[in-house]
Every structure is written in C-alpha cells, then in structure tokens.
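Report on the structure
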Amino acid sequence: MPKHAQRRTLLGAVAAAPWWWAAFVGTASAQSSTAGSDALDERVRAAVLVRGGLSLDIPVIVETGTSVPIVLFADPSQLRPGVRVTRLGIIAPKNPRPVALDMELGALMSQARIATNIRLGASQSVTGVALLSDGTVWQQSIAVVLTGSACYDGT
Amino acid sequence: MRLVSLPTNSSAHRATVKRRWRDGVTFFCRSGVLLAGLALCVSFATAADAPKLGITGTATDDAVSKPYPTALLRSGASFMATHLQAQQADDDLNPGMLWVDQGRERFAADCAGCHDGASQQRLASSLPRVDRSGAVQTLETQINVCQTSRLQRPTYPIESAPLLALSSYLAFSARGEMQRLSSDVVRSNAWKRGRDAFTRVQGRLDFSCAACHDKMAGKRVRTQAISQGHGVGFPAYRVEWQGVGSLNRRLRACYFGMETGVPAASDPALLDLELYLAWRSEGLPIEAPAVRR
Amino acid sequence: MADAVIAAIPPGRHARLIVPRLLQRGEDFTARLLIQHPMETGFRRDDTGKVLPANVIENVVLLFNDELVFRGRVLNALSANPSLSVQLTAQKSGTLSAHWRDQMGNVGSISTEVRVAGA
C-alpha cells in the first residue's frame with residue numbers, strides 16, 4: 001500500500017472515531033503530568049479503533065445505578081509479541097462526566113484486568129477501551145438497562 | 001390509587017376483622033349487666049366462628065403460627081441480583097466490612113474491658129429482647145444502654161457512624177448464628193403492637209407490610225423481587241444508600257415507599273416492628289453486613 | 001479469598017488492601033483495594049436543596065516496592081466506597097501500598113506485606 005493511501009486510512013479511522021474519543025484523550029492529556037503519557041496520547045490520537053481482545057463484563061440489567069460491577073479484561077492471546085496494554089478505560093456516554101474511568105497499567109500487572117464498581121446515570125451503551133503500547137486501541141461496548149428501584153427511598 | 005388489590009384472606013384483612021370483632025364485644029359488654037349473658041353467648045358464637053374467618057390465634061396462645069415455616073424461610077440475599085449476592089458472599093468485595101473493621105477497633109477500645117469476644121458471639125442473634133419494663137432492646141439500644149450505664153457517656157444517635165460501626169461488628173460476630181428469641185416474646189405487648197403494625201393497611205397505596213412480604217414474596221415490582229422481609233442481614237450495605245444502614249432506617253424507608261407517614265428514628269413503634277420481624281425470622285442465620293440493593 | 005491478610009487500618013482512614021496470606025513463586029494473585037469514600041459527584045442535593053460539593057478520589061496509585069502497578073488517572077464514575085481488583089504475579093516478597101488523594105485534598109494510604117515462599 002502506498003504511503004499516502006495508508007495515511008488516508010488512518011485519517012479515515014480518526015474521522016470515524018466516536019465523539020467521546022477526543023474527550024477521553026483530552027482529559028488524559030490534561031491530567032497527565034509525565035512527558036511519556038503525553039507522547040502516548042500523541043500516538044493514540046491517530047489510532048485505529050478495533051474490537052480486538054477486550055472483554056467487558058457488566059450486568060445488562062441493573063436495578064440501582066449507584067454501584068454496577070464491571071470487569072475489563074484484555075485477552076493476552078490477542079496481543080502481538082512485545083506489545084502490552086498500557087491503559088484501560090470506561091466510557092459511559094450518558095453520564096454527566098462521560099469518561100468514567102481511565103487507568104494506567106504498570107508492567108507489574110500480570111494481566112490487563114481491572115474489576116471495579118461504577119456509577120451509571122441512565123440506560124446506555126457502556127464502552128471499554130484498551131490502549132496498547134503499539135498504539136492500537138481495542139474497544140468493546142455493551143448496552144446496559146437501568147430499571148430503577150421498586151420502592152423510592154427518601155431516608 | 002390502588003396498585004395491588006389485597007387478597008381478602010390477607011393478614012391485614014384478618015386483623016381488620018378481628019378488630020371489628022373486638023369492638024363488637026366491647027360494645028356488648030358496655031351494654032350493661034342484663035346484656036352480659038347475651039354478650040357471653042355472642043362472644044362464644046363468634047369465637048366458634050373464628051377459625052372460619054382465618055383467625056389463627058392470639059398472642060396468648062401457646063402455638064402462634066408464623067407466616068413462613070422454617071423450611072420456606074429465605075433471607076433477603078436470595079431475592080437480590082446475582083452480582084449483589086456475589087458481593088455479599090466475598091468479604092473482600094463487601095464494603096460493609098469497612099464498617100465492621102471500624103467497629104472492631106471501637107469494641108476493643110470501649111467494650112473489651114467488660115466483654116470478651118466469645119460472649120458477644122450470640123448477642124445479636126438473640127436480640128431484640130423485651131426487658132422487664134416491657135421495652136424492646138435492639139442491638140442499637142443495647143449498645144446505648146452500655147454507653148450510658150457503663151461508660152457514662154451520651155447515647156449515640158441512630159445512624160451515627162460509631163453506632164453503625166459497633167452494630168455492624170457485633171452483628172458480624174454473630175454471623176451464622178440462628179436468629180432465636182426468648183420464647184415468651186409472643187406474650188409481650190410489644191410483639192402484639194409489632195404484629196399489628198406489620199399487618200395494618202396504611203398509606204396512599206393501601207399497603208401493609210404483610211400484603212407484600214407475607215403474601216407476595218418472589219413476585220416482582222418492576223425488576224425487583226419482593227423479599228420475605230427478614231432483617232437478619234442488617235446492619236446492611238445498601239447500594240441505594242451507598243453505605244451501611246440499620247434496620248431502623250430500612251423500616252423508615254419502607255414507610256416512605258408505602259407513601260404513609262414516616263416515623264421518627266426514635267419512634268418506639270419501630271422497635272416493636274423490629275421485634276416482630278426478628279420473631280418471623282427465627283431459624284434464619286444472621287448474615288450481616290449483607291449487601292442489599 | 002478466605003486465606004487473606006487484612007492490613008492494619010490507619011486511624012481516621014478506612015480502607016482494605018487484601019492479598020493472599022502466603023504465595024508461591026510465580027503464582028498469579030488478586031490484590032483488592034477497598035476505600036471508604038463517599039465519591040460525591042457534585043450533582044446531588046441535600047434535603048434543603050443545597051448542592052453537595054463534589055469530592056471524588058482524583059488520583060490513586062498502587063505500588064509494589066515503589067514500582068507502579070496501576071495509576072488511576074480518571075475515577076469520575078467509581079461508586080461510593082470503591083473497590084479496585086487487579087492481578088499480579090508473585091515474584092518476590094515485598095510491600096504493596098496504595099495512595100490516594102480526593103478533590104478536597106484529603107490523602108489516604110494503606111499498605112500490606114506480600115509474602116512469597118522462599119523469595
């Protein structure tokens with residue numbers, strides 16, 4: 001493939017990137033203090049978003065949005081040799097602050113796996129993002145329905 | 001507005017029938033000596049009719065039937081979503097353990113002078129109890145009795161952080177112990193008041209506690225399964241509260257949901273209800289701090 | 001994880017950092033961090049209608065012998081009393097420590113020993 005064609009493909013991927021992508025990268029560069037992270041952000045600005053080996057484990061029906069268990073897992077068998085997962089994030093587009101979580105992973109983690117509980121403000125498609133050290137981005141989305149509680153609690 | 005029509009044989013209905021019957025007897029008795037004999041006949045006749053009306057017993061009967069036989073008892077956990085059950089099953093994921101840790105520290109500092117750990121193991125499973133004055137002592141009021149009489153300190157307000165920590169720790173210490181009350185609680189006025197409160201129809205929705213938790217457990221309101229209404233998981237971590245809260249607060253939340261007047265936290269009527277609930281739950285193990293929705 | 005060490009909790013700060021009691025070299029294990037924190041979003045109001053000021057944990061790091069395990073850069077939507085569980089490999093004994101700071105400037109930390117048999 002000629003070089004300019006390759007560039008066009010990359011630009012196309014960036015143009016097709018979802019609206020939250022700039023927010024995710026933007027928030028990260030605003031908060032990061034190290035030059036290394038800024039360099040990483042420069043690389044991921046031109047990233048191709050693929051489904052890759054990221055799995056997202058979250059209940060599809062939730063009664064109370066204040067605490068929803070979620071597990072992000074990047075399958076190591078899908079990684080090319082020498083490549084590791086450097087960041088895991090969660091985007092909840094209908095939350096008042098859509099970038100729900102952004103974690104930088106050190107080399108000590110044996111698996112790119114984080115289990116936690118998040119807040120969801122509404123039914124929405126929750127997206128997990130994994131950034132790889134070669135600039136690839138894996139993403140995976142799951143639609144979660146928030147049903148609300150049976151009895152309103154005013155205590 | 002009536003969202004759920006009550007079945008006519010509900011406990012609430014039974015309680016109403018019984019109240020009317022009692023009022024009738026009172027009327028006859030007040031009608032004078034000449035009518036006393038007649039009143040006696042009527043009350044005998046009514047008593048004979050009682051089983052047909054579904055009146056299963058009074059507080060003075062030796063065998064008072066419970067809404068759920070032991071084999072059918074299910075704690076609130078079994079009505080929760082699986083992810084909440086998993087959170088409760090693993091102490092390392094259960095945020096309620098943060099309160100237990102703090103209670104353990106406070107117990108070591110304030111209570112260990114008089115109480116050793118072993119003596120506390122069964123305490124929470126045998127509470128509430130009715131004291132000599134007829135008042136109900138729950139885990140929370142018992143802690144406050146120690147505060148005033150032994151430690152000479154002011155009582156902890158209900159839902160205050162130190163009280164929740166201590167009660168969480170003590171309930172946790174009794175985890176696995178069967179809820180078991182003194183056998184004579186059913187003779188107490190507090191138990192009777194608690195039972196009446198549980199079965200009384202009230203609020204804008206025409207609900208009673210019994211209408212849902214005795215009659216409709218397992219059915220759903222929206223996606224949530226109605227529980228049998230047992231308090232053995234409390235103090236519990238409720239994700240809705242985003243923290244640990246007492247059974248007292250849970251009951252007030254129930255009143256809120258029923259769209260009726262919410263009693264004050266200090267209302268003794270809540271203590272009566274706690275006593276009645278614990279009696280209903282006899283045979284279930286304590287599982288505090290539970291994780292609830 | 002029944003066989004676990006619960007680290008001592010510093011007075012006034014309440015957290016749990018839990019790892020298995022004794023590990024074999026090369027064993028994969030879970031480290032669980034649980035922090036008591038309201039994670040107030042700033043979108044809630046109290047009974048009088050006053051906005052509850054936002055106060056979420058804005059930075060958390062987990063270190064093993066001062067080497068980075070993870071760093072939370074954005075933690076906006078973590079639930080109240082958040083938990084974070086990650087996987088590590090037992091290579092050598094050492095100290096696992098977590099440090100965090102919230103928007104109001106409160107800092108907290110907790111540490112626990114990781115004991116690897118023969119290492």
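Our structure's up above, just so we're on the same page.
Notes on the structure follow. All figures in this text were calculated on a predicted structure; none of them were measured in a lab. Counting of residues starts from 1 at the beginning of each chain's written sequence and follows it residue by residue. As they are written, the chains are lettered A onward and the ligands numbered 1 onward, keeping that order. Note on the predicted model: pLDDT of at least 70 is required for a residue's local features to be given, and 80 or more for side-chain atom pairs to be given and counted; whole-chain, interface and lining totals, by contrast, use all residues. Side-chain figures throughout are based on the complete set of non-hydrogen atoms in the structure, without hydrogens or water.

1. Examining the packing of aromatic side chains
All names here are of chain B. Heads up, the condition is: Pairing of aromatic side chains requires ring centres within 6.5 Å, counting the rings of Phe and Tyr and the six-membered ring of Trp. Pairs whose planes differ by under 30 degrees are stacked, by over 60 edge-to-face, and all others tilted. We count a stretch as a helix when DSSP gives it H or I for four or more residues in a row; a strand needs E for two or more, and each element gets its number in order from the N terminus. For the exposure calls, accessible area comes from a 1.4 Å probe over protein chains only, and a residue counts as buried if that area is under 20% of its type's maximum, exposed if over 50%, partly exposed in between.
For the coordinates displayed, the defined rule picks out seven aromatic pairs over all chains. Aromatic pair Trp 191 and Trp 279: ring centres 4.9 Å apart, planes at 85°, arrangement edge-to-face. Of this pair, Trp 191 sits in helix H8 (residues 189-199) while Trp 279 is found in helix H11 (residues 268-280), placing the two residues 88 residues apart along the sequence. In this structure Trp 191 comes out as buried when scored by relative accessible area, which is 1%. Classification of Trp 279 as buried rests on a relative accessible area of 5%. Feature note: the residues Trp 191, Phe 198, Tyr 276 and Trp 279 constitute an aromatic cluster, connected by ring pairs.

2. Section: the interface of chain C and chain B
To keep it simple, the criterion reads: When checking whether two residues touch, look at their non-hydrogen atoms; a contact exists if any pair is within 4.5 Å. The term buried area refers to how much accessible surface (probe radius 1.4 Å) is lost by two components on association, counted for both of them together. Salt bridge, as applied in this entry: a Lys or Arg side-chain nitrogen positioned within 4 Å of an Asp or Glu carboxyl oxygen. We call two N or O atoms a polar contact when they sit within 3.5 Å, provided that within protein one can donate a hydrogen and the other can accept it, with sequence-adjacent residues counted only if both atoms are side-chain atoms. Classification convention: Asp, Glu, Lys, Arg as charged; Ala, Val, Leu, Ile, Met, Phe, Trp, Tyr, Cys, Pro as nonpolar; all other residues, Gly among them, as polar.
Contact residues are listed per partner, giving 15 residues for chain C and 15 residues for chain B. For the pair chain C and chain B, the summed buried surface comes to about 1300 Å²; carbon and sulfur atoms form 47% of the total. At the boundary of chain C and chain B, one finds three salt bridges. One salt bridge connects B:Asp92 with C:Arg32, and the closest N-O pair in it is separated by 3.9 Å. Between the two partners, chain C and chain B, sit six residue pairs in polar contact (both at pLDDT 80 or more). Broken down by secondary-structure element, the contributors of at least two residues to the side of chain C that touches chain B are strand S2 (15-20) and strand S3 (28-35) of chain C. Residue classes in the side of chain C that touches chain B are distributed as eight nonpolar, four polar and three charged.

3. Describing the pattern of salt bridges
Evaluation of the coordinates by the stated rule reveals 22 salt bridges over all chains. The partner of A:Asp102 in a salt bridge is C:Arg73, and the shortest N-O contact between them spans 3.4 Å. Highlighted residues: A:Asp102 in strand S6 (residues 99-105) and C:Arg73 in strand S5 (residues 67-74), drawn from two different chains. Both residues of the pair, A:Asp102 and C:Arg73, count as buried.

4. Observations regarding the packing of helix H4 (residues 96-110) of chain B against helix H7 (residues 161-173) of chain B
Residues and elements named next belong to chain B. Heads up, the rule is: Axes here mean lines fitted to C-alpha atoms, for a helix over just the part in contact, with angles spanning 0 to 180 degrees between N-to-C directions. Geometric relationships in this document are graded by angle, where less than 35 degrees denotes roughly parallel, more than 145 denotes roughly antiparallel, 65 to 115 denotes roughly perpendicular, and other angles denote oblique.
Closest axis-to-axis distance for the H4/H7 pair is 7 Å, and the angle between their directions is 95°. Classified by the angle between their axes, H4 and H7 sit roughly perpendicular to one another. In contact with Met 97, Trp 99, Val 100, Gln 102, Gly 103, Arg 104, Arg 106 and Phe 107 of H4, H7 contributes Pro 162, Leu 164, Ala 165, Leu 166, Ser 168, Tyr 169, Leu 170 and Phe 172. A breakdown of the residues in the contact of H4 with H7 according to their chemical character gives 11 nonpolar, three polar and two charged.

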